[in-house]
Amino acid sequence: MEVDALIARIESTLGRGPHTVEPVTADEVRTATFRAKRGGYHETAVDFALEAFVVALETQVKRPVRLAMAEPTGELLREEWFETQAARVERVAFRPGRMGTGYNEDEVDAFLDRIVATLRGTTEFAVTAQEVREARFSTVLLRAGYLIADVDSFLEGVAEILEKPR
């Protein structure tokens, strides 16, 4: 019950729940203690989840970099525009997964490397917009992983960029 109440506050603070509860800070989560309860949550699982929530709260203002969707103009050559998009993909920072789950970071990072090479034209195995939309990654549990919704949203923007003619 205590754990559930804290998680409800965390989710509300992160914008994922009803805003009827008092917001919580990362420091409050760090110092939270709970009474042991027979049949309650596994202590290690709660600790891992709370660690992930602390990171999410601390990085709340750092949302993933949004890709510029505007068409290249006469001032910005198409090649420069694609280089700008590649640099943005390299700098993207995803929030950690919720409750200790998320996409496998190594798989997502490797796929992003392929996207960067595609945008720069430095690969013989270019990624297509369809491949980006159909990309699937393993999920991890109780270890570092990227927030699934952030990755999916970001990749949709990448797919739209890859549809633009080179």
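The rules behind each value
- Residues numbered from 1 in each chain as written.
- Predicted model: local features only at pLDDT ≥ 70, side-chain atom pairs only at ≥ 80, totals over all residues.
- Heavy atoms only, no water.
- Helix = DSSP H or I, 4+ residues; strand = E, 2+ residues; numbered from the N terminus.
- Buried < 20%, exposed > 50% of the residue type's maximum accessible area, 1.4 Å probe, protein only.
- Contact = heavy atoms within 4.5 Å.
- Areas by Shrake-Rupley, 256 points an atom, 1.4 Å probe, with all protein chains shown as cover.
- Salt bridge = Lys/Arg side-chain N within 4 Å of Asp/Glu carboxyl O.

Within the protein chain, the regular secondary structure consists of seven helices and two strands. Starting at the N terminus and walking to the C terminus, you meet the elements of the protein chain as α-α-α-α-β-α-α-β-α. Across the 166 residues in the protein chain, those meeting the buried criterion constitute 39%. Residue pairs in contact within the protein chain that sit at least 24 positions apart in sequence constitute 76% of those at least 6 positions apart. Of the roughly 10,200 Å² that the protein chain leaves accessible, carbon and sulfur atoms contribute 53%.

Another aspect to go through is unusual backbone geometry. With a phi close to 60°, L142 is a non-glycine residue in the positive phi region. Within the element layout of this structure, L142 appears in the loop between β2 (139-141) and α7 (148-162).

Note on placement: F154 falls in helix α7. According to the relative accessible area criterion, F154 is buried, its value standing at 3%. Sequence separation of F154 and V89 is 65 residues, and the distance between their C-alpha atoms is 9.0 Å.

What follows deals with the pattern of salt bridges. Under the definition given, this model contains nine salt bridges. The partner of R133 in a salt bridge is E163, with the nearest N and O atoms 2.7 Å apart. Highlighted residues: R133 in helix α6 (residues 129-134) and E163 in the segment after α7, separated in sequence by 30 residues. Judged by relative accessible area, which is 48%, E163 ranks as partly exposed. Where salt bridges share partners, they join E83, E90 and R120 into one cluster.

You can see E22 is positioned in the loop between α1 (2-13) and α2 (26-31). Here E22 falls in the exposed class, since its relative accessible area comes to 56%. In this structure the C-alpha to C-alpha distance between E22 and S12, which are ten residues apart in sequence, comes to 8.1 Å.

Geometric values such as these leave the question of function open.
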